[in-house]
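Letter by letter, the chains look like this.
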Amino acid sequence: MQRVGPEQLAFAFAGRPKGGNQPEKDWLRRIADGRGPENPNAEADPQNAGMLERVASLPNMAKALLNVARNKGAPGVDGRSVEEVLLEARVLMPKLRRELLEGNYCPGAIRRVWIPKPGGGERGLGIPNVIDRWVQQAFLQTMEPVFEKVFHGSSHGFRTDRSAHTAIKQAKGYVKEGYRVIVDMDISKFFDRVNHQRLLNRLGQHIKDQRILRYINRMLKAKVVLPDGAKIAVEEGTPQGGPLSPLLANVVLDELDWELERRGLRFVRYADDCNIYVRTPRAGNRVMESIKRFIEGRLRLKLNDEKSSVTSPKTGNFLGFSLCVNMKGRIEIRPSEKSKKKIYARIKEMTPRTWGQSVRVCMRELNSYLRGWEGYFDICEGKGAALFEKVDAHVRRRLRMIIVKQKKKGRYLFRHLRKRGIEDKMAALTAYSRKGYWAKSWMKGMHCAYPNSWFFGKLVSLLELWKERRAEPKSALNGQYLLAF
């Protein structure tokens, strides 16, 4: 393993003002809104000449730091937090701009962390220093409008006004048209295998300012600090964790998009997840082999044979969803089997039998997770939404089980059920049953003591949230419309 010395631009941090960072944020907002010394509305050069000046402009730099602060994130190798950089913004901004424009800015090393993957194994994330994230965000804000004009319409990952939901809706349209065989392609360790020279060549087709390309090359070559402290040089790949990384990934895979377009194939891509839609399994196998040759030969990437397959919309797992045909022949968006297993496993983790706090604390933590889960899967339809009701019932049963376990002994549970208004016989049958905690949570005594109505207002209901989002507008007296919440 090659060891290299650290290279990071040193910045002088002055004494921090007291009273929080709100004054600094207000100052940055004024500059970002064009109330500073520079005009943020200058017209872009059609040939992108002078792009670095736009990157380093005061409004762009101020907006970039505000975005980094909003995203928060952990400190990098230098240990400086987002809060510290915000407090020193007035000192750092002119220094950083000058270093950029003079060509002296050099990114610091990247801190490598490992996080578990849902399907097993670990994924490596790179955490740049906050100052480097600031610079990357400034580059992103300037470069993104250039590439948005050339990216393919079937690319949905990390793009303005696009999301996993728009990707799934486009996929649903293809299945409706009769393309019900999916070539599910997974690129193995994509972010670790991006060829730097090919990436820079693709960038150079649309960016004429060579200074931008030199800085991006420095970012790609930034050293990586492993958890054991070893520092290694980087020869390929993009750091998965910086603000600029998603845009660079789309630039690399845009070549794949237009190759699929040239071949007349229907496809949907979200970052490195790509599904191609064909009519027959035979066509699917043929497309899989030909596109594999293109990815491994032309793009110099590698297809993951274990995760890539020719499958059906119902058994597939694209961004956590599957597409199923109901009894009436309509296409429904549903959570995939993998997503179902994942939510049940997560609920089990959040509701252990040995929960040592009150049930209300447990419900508050569950509410945060359930709201986020429903917000992602709220486009589900039909039987897909029926899963929400099952999950709601499962969560309530897990909470009832915690209550049973916390009473420890049968006589304590009996007294508790009596206080909840349960008659002696029903309370005794539940409390003194020889069955386990999980079985007792399903017994009539617990259901009567803690009916579904008891959880109303305390615990989020996935089904009710889903219904609220689809509430029909009701006519008001003045002829306008109000949402029925």
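No experiment lies behind these values; they were computed from the predicted model shown. (Residues numbered from 1 in each chain as written. Predicted model: local features only at pLDDT ≥ 70, side-chain atom pairs only at ≥ 80, totals over all residues. Heavy atoms only, no water.)

This part takes up the environment of aspartate 33. Position of aspartate 33 relative to the elements: it lies in helix α1 (residues 22-35). On the basis of relative accessible area, aspartate 33 is assigned to the exposed category, the value being 53%. For the pair aspartate 33 and lysine 63, spaced 30 residues apart in sequence, the C-alpha separation works out to 8.5 Å. (Helix = DSSP H or I, 4+ residues; strand = E, 2+ residues; numbered from the N terminus. Buried < 20%, exposed > 50% of the residue type's maximum accessible area, 1.4 Å probe, protein only.)

Turning our eyes to something else, we now look at the confidence of the model for the protein. Summary statistics for the protein give a mean pLDDT of 88 and a share of 89% for residues scoring 70 or more. When the criterion is pLDDT under 50, residues 472-485 qualifies, and its contacts beyond four places in sequence or with other chains add up to 13 contacts. (pLDDT = per-residue confidence, 0-100. Contact = heavy atoms within 4.5 Å.)

For the rest of this paragraph, the subject is the sheet that holds strand β4 (residues 224-225). The mixed open sheet is built from four strands, whose spatial order is β2-β1-β4-β5. One side of each edge strand has no neighbouring strand; the edge strands of this open sheet are β2 (122-127) and β5 (231-232). (Pairing = 2+ DSSP bridges.)

Before going further, it helps to examine the nonpolar core. Grouped together as the largest cluster of nonpolar side chains are 75 residues, with contacts concentrated most on Phe139, Met143, Leu203 and Ile276. With ten residues, the single largest contributor to this core is helix α6 (residues 130-148). Those residues in contact with isoleucine 276, other than ones at most four positions away along the chain, are Val181, Ile182, Val183, Met185, Leu260, Leu265, Arg266, Phe267, Val287 and Ile291. If you look at the next biggest cluster of nonpolar residues, it comprises 59 residues, including Ala167, Val395, Met426 and Ala431. (Core = buried A, V, L, I, M, F, W, Y, C linked by side-chain atoms within 4.5 Å.)

Here we come to the pattern of salt bridges. In the structure shown here, the tally under the stated rule is 21 salt bridges. Here aspartate 424 makes a salt bridge to arginine 418, at a shortest N to O gap of 2.4 Å. Since its relative accessible area comes to 36%, arginine 418 is described here as partly exposed. (Salt bridge = Lys/Arg side-chain N within 4 Å of Asp/Glu carboxyl O.)

A separate point is the side chain of lysine 172. For lysine 172, the location among the structural elements is in helix α7 (residues 164-176). Here the side chain of lysine 172 touches glutamate 381 through a polar contact of 2.9 Å, side chain to side chain. Setting aside anything within four residues of it in sequence, one finds lysine 172 in contact with Leu323, Ile331, Ile333 and Glu381. (Polar contact = N/O pair within 3.5 Å; in protein donor to acceptor, adjacent residues only side chain to side chain.)

Glancing now at the sheet that holds strand β3 (residues 181-186). The four strands are arranged β6-β7-β3-β8 in an open sheet whose pairing can be described as antiparallel. At either end of the open sheet lies a strand with only one pairing partner, and these are β6 (266-270) and β8 (309-311). Put simply, the sheet's adjacent strands are angled 20 degrees from each other on average, direction ignored. Of the pairings in the sheet, the one linking β3 to β8 comprises three bridges and is antiparallel in character. Residue pairing across strands places valine 183 opposite valine 310, the latter belonging to β8. (Axes fitted to C-alpha atoms, helices over the stretch in contact; angles between N-to-C directions.)

On to helix α14 (residues 359-377). In this model, α14 (19 residues) spans 26 Å end to end at C-alpha, consistent with the 27 Å of a helix rising 1.5 Å per residue. Buried within α14 are the following residues: Val359, Val361, Cys362, Met363, Leu366, Asn367, Leu370, Trp373, Glu374 and Phe377. Buried residues belonging to α14 abut β9 (321-325), β10 (331-335), α13 (337-350), α15 (383-406), α20 (452-455) and α21 (462-469). (Expected span 1.5 Å × (residues − 1).)

For the pair helix α11 (residues 245-262) and helix α12 (residues 281-297), the least separation of the axes is 11 Å and the interaxial angle reads 145 degrees. Crossing hand, α11 versus α12: right-handed. Contact residues: Glu255, Leu256, Glu259 and Leu260 in α11; Ile291, Phe294 and Ile295 in α12. Residues of the contact of α11 with α12, tallied by class, amount to five nonpolar, no polar and two charged. (Left-handed = near helix turned anticlockwise from the far one by under 90°. Nonpolar A, V, L, I, M, F, W, Y, C, P; charged D, E, K, R; others polar.)

This part takes up unusual backbone geometry. Despite not being glycine, lysine 72 shows a phi value in the positive range, around 60 degrees. As for its placement among the helices and strands, lysine 72 is situated in the loop between α3 (58-71) and α4 (82-87). One non-glycine residue with positive phi stands out, namely aspartate 161, at about 60 degrees. Take aspartate 161: it is sitting in the loop between α6 and α7. For aspartate 161, a relative accessible area of 76% puts it in the exposed group.

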